[in-house]
Structure formats: structure tokens, C-alpha cells
Amino acid sequence: MVNVGKGVAAFLFKWILPLVFLAAALVRINVVSGVYLLCFLLLPLMPNPTYITLRGRTGIYLIIVTVIGALACILQAVFLTVIYTTDIAEDLQFCDANETLWRQLGFQRLDGVDFVDGFRLVVPDVAVFIVTIIIFLASKKLVGPSDEERQQGVVMERRSQKHNQIVEGLACFITMALLAAAAVIVPSVLSSVYFVSLLIVATWWALYMTWGRAFGVLQFVWLLYCGSHLIVLYAYQFQFFQEAYHYTEFIPRLVGLLAIIKAPCTTDLDLDPRTLAFEKGQIWPIYATPVVLVCFYWYLGIQVRSWIDGPQTPGPDGISHEQNGLSNGSLVIGGSQKSRQDPNSGLIQSIDGEYVIAPHSPKRSRKKKGKGEHQETPKRGLIGDEAVESYQSIGESSKEGAADADPPPTEEPTSGDEEGEHGHGVYKLSPITTVVAYITQQSYMVALVLMMAWSIIFHSVLSFFLLVWALMIWVIPIGTMRGRCLWTSLPLVLFAEALTCITYVYGFQLEEELPSKVNDINLEEIGFIRKKYQCLVLAAELIFTLMFWLTLRQFLREKRLQRVSQHPDGIVLQPFGVIFSKPSDEIDAIHQQDNQGELAQSETMTVIGAHVRRFCSKYWIFVVGAFFLIMTLFGDPDIFKIIYLCFFLVLVNLFVVSRVQCSVSGRIQI
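Conventions used here
- Residues numbered from 1 in each chain as written.
- Predicted model: local features only at pLDDT ≥ 70, side-chain atom pairs only at ≥ 80, totals over all residues.
- Heavy atoms only, no water.
- Helix = DSSP H or I, 4+ residues; strand = E, 2+ residues; numbered from the N terminus.
- Buried < 20%, exposed > 50% of the residue type's maximum accessible area, 1.4 Å probe, protein only.
- Contact = heavy atoms within 4.5 Å.
- Areas by Shrake-Rupley, 256 points an atom, 1.4 Å probe, with all protein chains shown as cover.
- Axes fitted to C-alpha atoms, helices over the stretch in contact; angles between N-to-C directions.
- Left-handed = near helix turned anticlockwise from the far one by under 90°.
- Nonpolar A, V, L, I, M, F, W, Y, C, P; charged D, E, K, R; others polar.
- Salt bridge = Lys/Arg side-chain N within 4 Å of Asp/Glu carboxyl O.
- Core = buried A, V, L, I, M, F, W, Y, C linked by side-chain atoms within 4.5 Å.
- Phe/Tyr/Trp six-rings, centres within 6.5 Å; stacked < 30°, edge-to-face > 60°.
- Disulfide = S-S within 2.5 Å.
- Patch = residues over 30% accessible without salt bridge, like charges linked within 9 Å, V, L, I, M, F, W, Y side chains within 5 Å.
- Expected span 1.5 Å × (residues − 1).
- pLDDT = per-residue confidence, 0-100.

Right, let's get into the overall build of the protein chain. Along the backbone of the protein chain there are 23 helices and 11 strands. The buried share among the 670 residues of the protein chain stands at 41%. Relative to all contacts within the protein chain whose residues are 6 or more apart in sequence, the contacts with residues 24 or more apart total 69%. When the accessible surface of the protein chain is summed, it comes to about 37300 Å², and 66% of that surface belongs to carbon and sulfur atoms.

Between helix α9 (residues 214–236) and helix α12 (residues 284–308), whose axes approach to 9 Å, the crossing angle comes to 145 degrees. The interaxial crossing formed by α9 with α12 has left-handed handedness. Facing α9, whose interface residues are Gly-216, Val-217, Gln-219, Phe-220, Trp-222, Leu-223, Cys-226, Gly-227, His-229, Leu-230 and Leu-233, α12 presents Thr-289, Pro-290, Leu-293, Val-294, Phe-296, Tyr-297, Leu-300, Gly-301, Gln-303, Val-304 and Trp-307. Broken down by class, the residue content of the contact of α9 with α12 amounts to 15 nonpolar, seven polar and no charged.

Let us look at the pattern of salt bridges. Scanning all chains against the criterion turns up nine salt bridges. The closest approach of N and O atoms between Asp-125 and Arg-28, which form a salt bridge, is 2.5 Å. Within this pair, whereas Asp-125 is found in helix α5 (residues 115–143), its partner Arg-28 is found in the loop between α1 (2–26) and α2 (31–42), the two being separated by 97 residues in sequence. Of the residues examined, Asp-125 reaches a relative accessible area of 2% and is grouped as buried. You can call Arg-28 buried: its relative accessible area is 2%.

Core analysis: the largest hydrophobic core is formed by 92 residues, its most contacted members being Leu-17, Tyr-61 and Phe-548. It is α12 that provides the largest number of residues to this core, a total of 10 residues. Ignoring sequence-local partners within four residues, the contact set of Leu-17 consists of Leu-12, Leu-43, Tyr-61, Leu-62, Val-131, Thr-132 and Ile-135.

In the structure shown here, the tally under the stated rule is 26 aromatic pairs. With a centroid separation of 6.2 Å and 35 degrees between ring planes, the pair formed by Phe-115 and Phe-119 is classed as tilted. Linking Phe-115 with Phe-119, this pair stays in helix α5, spanning four residues, or about one helical turn. What makes Phe-115 exposed here is its relative accessible area of 68%. Owing to a relative accessible area of 47%, Phe-119 belongs among the partly exposed residues under this scheme. Taken together through their ring pairs, the aromatic side chains of Trp-454, Phe-458, Phe-544 and Phe-548 make up a single cluster.

For the rest of this paragraph, the subject is the state of the cysteines. A complete count under the given rule lists one disulfide for this structure. Cys-226 takes part in no disulfide bond, and the closest cysteine sulfur to it belongs to Cys-295, at a distance of 9.8 Å. Relative accessible area serves as the criterion here: at 0%, Cys-226 is assigned to the buried category.

In this section: the environment of Ala-470. Looking at where Ala-470 falls in the secondary structure, it is placed in helix α16 (residues 461–475). Since its relative accessible area comes to 0%, Ala-470 is described here as buried. Remark: the alpha-carbon pair of Ala-470 and Cys-485, spanning 15 residues in sequence, is separated by 8.4 Å. Beyond its immediate sequence surroundings of up to four residues, Ala-470 is in contact with Leu-448, Met-451 and Met-452.

Turning our eyes to something else, we now look at a nonpolar patch on the surface. A cluster of nonpolar side chains, namely Ile-63, Val-67, Leu-71, Ile-74, Leu-75, Val-78, Val-82 and Ile-88, defines an oily patch on the protein surface of about 660 Å² accessible area. Take Ile-74: it is sitting in helix α3 (residues 57–85). Assessed through its relative accessible area of 49%, Ile-74 is described here as partly exposed.

This part is about α3. With 29 residues, α3 should cover 42 Å at 1.5 Å per step; its first-to-last C-alpha distance of 42 Å lies within 8% of that length. Among the residues of α3, those classed as buried are Thr-58, Gly-59, Tyr-61, Leu-62, Val-65, Thr-66, Gly-69, Ala-72, Gln-76, Phe-79, Leu-80 and Ile-83.

To continue, consider the confidence of the model for the protein chain. Chain-level statistics for the protein chain give a pLDDT mean of 78 and a share of 72% at 70 or above. Of the regions scoring below 50 in pLDDT, residues 152–160 engages in 35 contacts with residues more than four places distant in sequence or in other chains. Across residues 312–424 the pLDDT falls below 50, and counting only partners more than four positions away or on other chains, this stretch makes 183 contacts in the model.

Next up, the structure:
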């Protein structure tokens, strides 16, 4: 029942309350609503309501927000009372200096206003006040400890969280995807910070490096910058700033100050200043920019809070302790005194002197070695953090970690459908892992196809080099095609990033300053692309570049791991390491793999792959012939279609002749 209460309290705090803040900040543009926006930006950094956090920063946050809502309601009531009981209303004529100042502060006359605008101007303060009180009281009721827990003095212990390397990798991928969206939605100086940091982080990752804890610091920096960016965009919607710097001037267009709300008393003097109107004639990416930034900020807030409030460094007893309220891994709820843990029995002594069992109390194992013995802590997984089983262990637990446990059975390990077929020192992968490994190994083909697609979609002189580059990799008979593609991946990444930077700069709203033609030369044909929706062009180029980054990382990964592996052919059979694993973790996994034995592919998928190859080698000629025929029939006739038709006829004749010869040779052998 307590868990259900915590879930309901978390839903109210992390879903209902931010929606109320966001609505109160968006339905009107003034200083009071700006304060609600600040409360919204602080909300993801607050932990979910619990019995402890309600006595800490979450409770303080809810109290402060409640006070802000109450003050706003009181000030609104006082302002309206003074307006309608005195002659001050005569001095507050629409669009004069005094009325403009009070209106931007959040206090407006309501005489003559329609019902919708009056509701929009008054209700947000009342809604914030009432909803905050309800959530605060409901949270205290839902997450409070039971009477039995108060009497017994329950001991709570913070445990280290289990980490999943793939889940953490996907979380980082979502962060980078939102970062890219914030960077390309409307190119400008403000959003260029996102774009440059995206290129730096992705290129560093492609060079087979890892950010480690520095990525958490980067997320915190992005959080501060994104919050500041939202505040700047919100402030620019005020009449004062739009009058000082109109959005059609050079500085707002360069910096990226977007006019979403139409400022009253500027161009349309007949517009009631109490009416909320949107600026017309803007493209949809401008309206989508705040949505993308809010999503990016909210996700960063969740990640940063998890990073800051995550498990601390384990203490000598092996437990991650919380800095506030936890000592020696335990805390007595309802009392101010801390408990202590008996190092011999593993029990925790509460404030009344009684011992209670500490759940999941850490155990230590001792391992004899020679005449002495030393103490060991549990081993970490090959890939990831504590309590993680790496996929690179191929379903086997670490030998070092298993040394402290009971001796394993003497039977050979199995995996998937390969049970009993390992042989001596050979560890076979599951069919799914084998398929993913093969796709990863052949990913260079996707890079080559995307090089040609880039040159065709964004037709220009600069992209023509990508087409020539890809064709040279396809046809030059030096080494293997895969080797040629991997060896040229670094200059390919640099060239793609240069093209993307050019497209990004030309995406600035500087049509006059960055012309499309110079001396009758169309710069778009050279590669300086400007479209109405530049974000779509940048998104496509970043998707192409992502595959080039992956190819470069795969190349550097294989080169580095081949230096430490006794079985270099097995490196490509660990596909997830290309994306998620750290270099140091993979090197440890390689050493562990060499000690365990040689990796082998799944026999099931090997047989299926052989059948697929035989089928393709026999019938692929029909696919090629069909493409020749399609290129011949579609469109108006020209010299190229005649050549394709000749190719088709030659292919058909060669197939018929070879088929007849095979039949004759088969009869002779019989």
C-alpha cells in the first residue's frame, strides 16, 4: 500500500504539477508567470516525494511554491481592489508607460475584457496555489510511514543501484538525439552551442574514447544552458524587449531571438493588449523550438538528478551511503539518532538498543592463497558497473568472481540452441548475437550507400566528392572493400562534419547577409544549401554522419582490440561493444575471453547463412536484370537507357548460354 501511495505521489508531483506550472507560464506573458516558469525548471531536479524528502528539499520546494501562489493571489486581489475603489484606473490607459509596466509585471485591468481572457489572466494564480496545496497534503498522507513502522523504528539502507550497460547507452543516445534536435530546429548563435557540443561529443566517441563521469558534467552544463535559453526566449516575448530589438533586425536573427507571441502596442494598435496573439507568418520550426527545448531540459533534469543523487562511493562495509541522514548504511525513521552496524554479525542496532536485520547486508569472502589469506570484494562485470553480467561473457559468470563460490559443475557450458556442442575451449554465441554481429560487421555497406545517397539527395559539387569517393571504394581492387571503407572513415567523418557545418551556418536567418547567388553563381550548386525548413536538411545530414561515426568507431575499436586479443576474429562477434562498451571494459573482456577459450558463431545461423548465400548466388542475376530493365523502360529514351538495354540483353544471353552448357555437362557426366 505504501508503494502505491508513493507512485500516486510521484505522479502528482512529476506530471500534474509541471503541467500546471507550464500552463500558467504559457497562457500569459508577465513576470509572475516567469516565476512559475522558474518553478517548472527547478521541478525535475527535485526528488520524488517520500517520507524523508518531504522533510528535505522536496518539502521546502512545495512550501515555497505554495507561498508564491498565495502571494500572487493576494497581490492580484489587492491590485484589483485598489483599481476599482480609487481613481488610479484613470491613470492606467492602455499602452501608456504605467499600464505597460504593470501589465508586464502581471497586474492588469479587467474591465471590458471578455470571459476567455479574464479566465486566462486570473485563474493561473489560483490554480497554482490550490494544486500545490493539494499535492503537498496528498503526498504527506500517501508516503507517510505506518504506525507499526513508527513504533519499531524501521531501519532504511541505501543500496547501490544495478546498472545495465545497454540501458545506459540508450539513455545517452536519447540525450544526444534531443541535443541534436535542439541544435538544428532553428540554427542560430544560441543553438550553435548545442551543435558544436554535439560534434565534439560524437567525434570523441567515434575515436573510440569514453567520456566517463565527464558526460554527467556535460549534461549538467547543457541543463544550465538550456534553462537559460528558455528564460531568454520567454523574456523576448515581453513587449519591452520586442520594442527594443524587433525580430526582423539583424541581432535577433543572428542570435536566435524568436518572436512567438505578438507584442501588443507595437504594430497592431487596435489589438487589445490583454489578448494573447501569436506572431503570424512564422515557419513551424520557430513554434516547435520551445517544445524541443522543454523536452530536452526535462530529460536532462531527470538524468542530472539521477547522476547527482545516485549511489555514492561504497564505504568500507560495501554499502553506498547517502550523505544526508544515512550513516553506516542505515537510518532510523522517526528519530534523530543514527544507528550503527555490528561489524561481526552484520546486524544493525537501532536507537532502543535492539538489533534488526539489515536487508542485503554485505558479505565478505575470504580466499586462501599459500600460507596467508586475503580479503576480496565481489568482482565487477566485464562490461558496465556493479552487479552487471556482461554480454561478452557469453552467458558465463566471471571465473574470478566464481572462485569464491561453490565449484561449478563439470559439464560444459551451453548457450542458446548450441547446448552440448561447445567442444573443448570453444564458446558459441546465440543465434541472435550472431546475426547482430554479422550486421555490425557489414555496416560499412550502409556507410557506402549513404555516401551515394547524400550526393544524390543534396546535389552539389561538394557532395559529388562523396559519390566519387564511394565509387572508388567499390571498384578499386586494393585489399578488401570493407578494409578500404574502414581505412577512409576518418577523413570521411571530417568531410561530412565540414559539409554539415556549412549547411548549419547557411541555416541562420540571414538571407540578406548570406546570399544564395554571387555574380550569377548559384551557391547552392556548390554546396551552400539553404531551404525553407533547414532543420530537415540538417537532420538528414546528421543521420548520415551518425553512420560514418559508427564506422570510424568500429575501425578504431577493431584495430585497438586486435593488439590485445589472441583471437582477432572473435572481436566482430561482440557487436554491442561497438556502441555501448568502454574501451577499458572491452580490453578486460578480451583478456577474459582469451582465458576462457575461442568464440565461435552459432551453428544454426551458420547453416542458415550458407543457404541464403547459395540462394543469392543462384538467383541474384534476376535482380540485376530486373534493375537493368527498369532503368530502360522508365522515362524518355536516351543514350544511357540504350546502354542499359544492351546490358540487359547481354545478361539474358549469357544466362541462357550458361544454363544450356550446365545442362549438357550434367548429361555427359551422367
